[in-house]
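Residues per chain, in single letters:
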Amino acid sequence: MKLAYYPGCSLDGSAIEYGLSTKRTAELLGVELLEIEDWNCCGATSGHNTNKLLSLALPARNLALAEKTGLDVLAPCAACYNRFRNTEHVVRHDRKMQEKITAVIEMDYAASNQTLSILELIVNKVGLEKLREKVSQPLKAMKAACYYGCLLVRPQEHTGFDDNEDPRSMDLIMQALGAESVEWSFKTECCGAALATSRPDVGYRMIYEVIRNAREAGAECLVTACPLCMMNLDMRRRGVEKAFNQRLDIPVYYITELLAIACGDSPRDVGVHRHFVEAESYLASLPEKAARIEAEEAARLEAEQAKKAARAAQAKKAAQDKAKKKEASEAEAMAKAGDEKKAAPAAEAAAKAETKEKAAPAVEAAATLAEVGDKGSKAAQTQAQAAVPAIAEADDDGALQKKINAMIKAWEKSPEKVAARLIEDEERAAILAQVVSGDEKKTARLAELMITDKDKAAKAAEAFVTGELKKRQKAQES
């Protein structure tokens, strides 16, 4: 795969480690980058605030140069990517503006090519399966908060490669690298951009809230794909700590740095040592941490297997005892009746009754799970819970999916009741029910998490509600 490469003003300067790791990422994934000759600054926020035609012409000149090569464009910087996609959209939908832009740049430009972000390239063009094949040093034990910022996925009509409220592409990449991506509600919040310079009283607060929220969600590091976000979260960290009188020791990485490291490179090869907030020691601690977690998991599995074996042995003995009693009972009945033909149907009926009795707890548990919103008697709930382990132990590959499907049906039937299981606050639970209703994607995601990891389900639910409240607030303000 060949792409026209636009490094922009940052990747050879303040974000040189992003430039190094982006080129290395392309090499690892088999992507050939051809830097656009004689490229110019995209204008970023400065051009956008100065003049509309200027803000379009600056990116258009670069895109026109790339268009001549017939290649799509890779713009790793979130700001450059956003300005490029905006210009493409305008040129494709406004013929008069296209003519003005063409006159200004003195080149034809029809927006026949497309600009890609680094996330879109990895997930949609290269593919996660190919990425997994390249991983040789998985980032096990890493707990990362994927920070998209405000430019990579907005506005939706310009970018469109990911959800603008709950994007998942960076999370999927991190999971493919072996790390855990935490659920949190600030993944698309603004870091303050240049406000950290012009209005530090405002900008520092925005930076602080992003870092604080990530830490409270359980993250041990932040991951980004934006040079300006990195600058605020990394370079301005000490100023933020001083302003809020609090240590915020959590490293920040570019997604491309972690990808290259997971594929075998050393942190220094891709510039991690250049960060302002020390970031090498956390990476160095991961192997030992991963080994400890694996040992704990192995011990847990061994204990579970021992319990399962003990239960199986106990069940086998009980079954044998029951069979012996049954044989004695049948023999006694046959002796009393003196008619073997009459005794046989009675024994068969007893066996059927026993089978039905044995299956009853599992059937009742499945029904109770499907009716998750039903606040029935405690006895019924206890009976369902007692039967659940029996279901979980079944060697049926489709068992997990059946539980998830049952939970999805419960959401569709009684969203308010299911929401109350995740969020105690009635008002926030009602909002969650509204958000999930009619949204198959969110319903399926919450249903899966409720079956596999209730803590993550609760965090995801809170993130959905927080995002919805912010959308409503913004709508009121506009």
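On a predicted model such as this, the values are computed, not experimentally measured, just so you know. (Residues numbered from 1 in each chain as written. Predicted model: local features only at pLDDT ≥ 70, side-chain atom pairs only at ≥ 80, totals over all residues. Heavy atoms only, no water.)

Asks: Provide a residue-level description of the pairing of strand β1 (residues 2-5), including the pertinent values.
Replies: In this structure, β1 lies alongside strand β2 (residues 32-35), joined through four bridges in parallel fashion. Following the sheet pairing, Tyr 5 is matched in β2 by Glu 35. At this point the chain moves from β1, through helix α1 (residues 16-28), to the parallel β2, and the crossover so formed is right-handed. Where β1 lies against strand β3 (residues 73-74), two bridges are found, and the strand directions are parallel. Residue pairing across strands places Tyr 5 opposite Leu 74, the latter belonging to β3. (Pairing = 2+ DSSP bridges. Helix = DSSP H or I, 4+ residues; strand = E, 2+ residues; numbered from the N terminus. Right-handed = clockwise from strand over helix to strand, strands pointing away.)

Asks: Lay out helix α8 (residues 169-176) in plain terms, naming residues and giving numbers.
Replies: Each α-helix turn comprises 3.6 residues. Residues three or four places apart therefore point the same way. Across the eight residues of α8, six count as buried, placing the element largely inside the fold. Turning to α8, its buried residues are Ser 169, Met 170, Asp 171, Ile 173, Met 174 and Ala 176. On its buried face, α8 sits against α6 (118-126), α7 (128-134), β5 (143-146), β6 (180-181), β7 (221-224) and α13 (255-262). Within two residues after α8, Gly 178 carries a phi angle of roughly 100°, on the positive side. (Buried < 20%, exposed > 50% of the residue type's maximum accessible area, 1.4 Å probe, protein only. Contact = heavy atoms within 4.5 Å.)

Asks: Which residues make up the packing of helix α17 (residues 399-413) against helix α18 (residues 415-422), and what values go with them?
Replies: Remark: α17 packs on α18, axes separated minimally by 5 Å, with the N-to-C direction vectors making an angle of 115°. Only Pro 415, Val 418, Ala 419 and Leu 422 of α18 make contact with α17, whose side of the interface consists of Met 407, Ala 410, Trp 411, Glu 412 and Lys 413. Grouping the amino acids of the contact of α17 with α18 by side-chain chemistry returns seven nonpolar, no polar and two charged. (Axes fitted to C-alpha atoms, helices over the stretch in contact; angles between N-to-C directions. Nonpolar A, V, L, I, M, F, W, Y, C, P; charged D, E, K, R; others polar.)

Asks: Explain the side chain of Asn 113 residue by residue, including any values.
Replies: Inspection of the secondary structure puts Asn 113 in the loop between α5 (95-105) and β4 (115-116). Judged by its relative accessible area of 4%, Asn 113 is buried. Only 3.3 Å separates the side chain of Asn 113 from the backbone oxygen of Leu 71, close enough to count as a polar contact. Beyond its immediate chain neighbours, meaning those up to four positions away, Asn 113 contacts Leu 63, Ala 66, Glu 67, Leu 71, Asp 72, Val 73, Glu 88 and Arg 92. (Polar contact = N/O pair within 3.5 Å; in protein donor to acceptor, adjacent residues only side chain to side chain.)

Asks: Help me get a handle on the packing of helix α10 (residues 200-216) against helix α12 (residues 237-244), residues and values and all.
Replies: When two helices pack together, you describe them by how their axes are tilted relative to each other and by the distance separating the axes. Two numbers describe how α10 lies on α12: the axes approach to 10 Å, and their chain directions differ by 95°. It follows from the interaxial angle that α10 and α12 lie roughly perpendicular. The residues of α12 that touch α10, namely those facing Tyr 204, Arg 205, Ile 207, Tyr 208 and Ile 211, are Arg 237, Gly 239, Val 240, Ala 243 and Phe 244. Within the contact of α10 with α12, the residues separate by chemical class into seven nonpolar, one polar and two charged. (Parallel < 35°, antiparallel > 145°, perpendicular 65-115°, else oblique.)

Asks: Before we move on, can you summarise the sheet that holds β7 with the specific residues and values?
Replies: The strand order across the open sheet formed by four strands is β6-β5-β7-β8, and the pairing between neighbours is parallel. Of all the strands in the sheet, just β6 and β8 (252-254) have a single pairing partner and so form its edges. The sheet contact formed by β5 and β6 spans two bridges and is parallel. Considered in β6, the bridge of Lys 143 is made with Glu 180. Sitting on the sheet, helix α11 (residues 227-235) is in contact with β7 and β8, with an inclination near 165° to β8.

Asks: Go over the sheet that holds β2, please, and point to the residues and values.
Replies: Strands sit in the order β2-β1-β3-β4 across an open sheet of four strands; the sheet is parallel. The open sheet has two edge strands, β2 and β4, and neither has a second partner.

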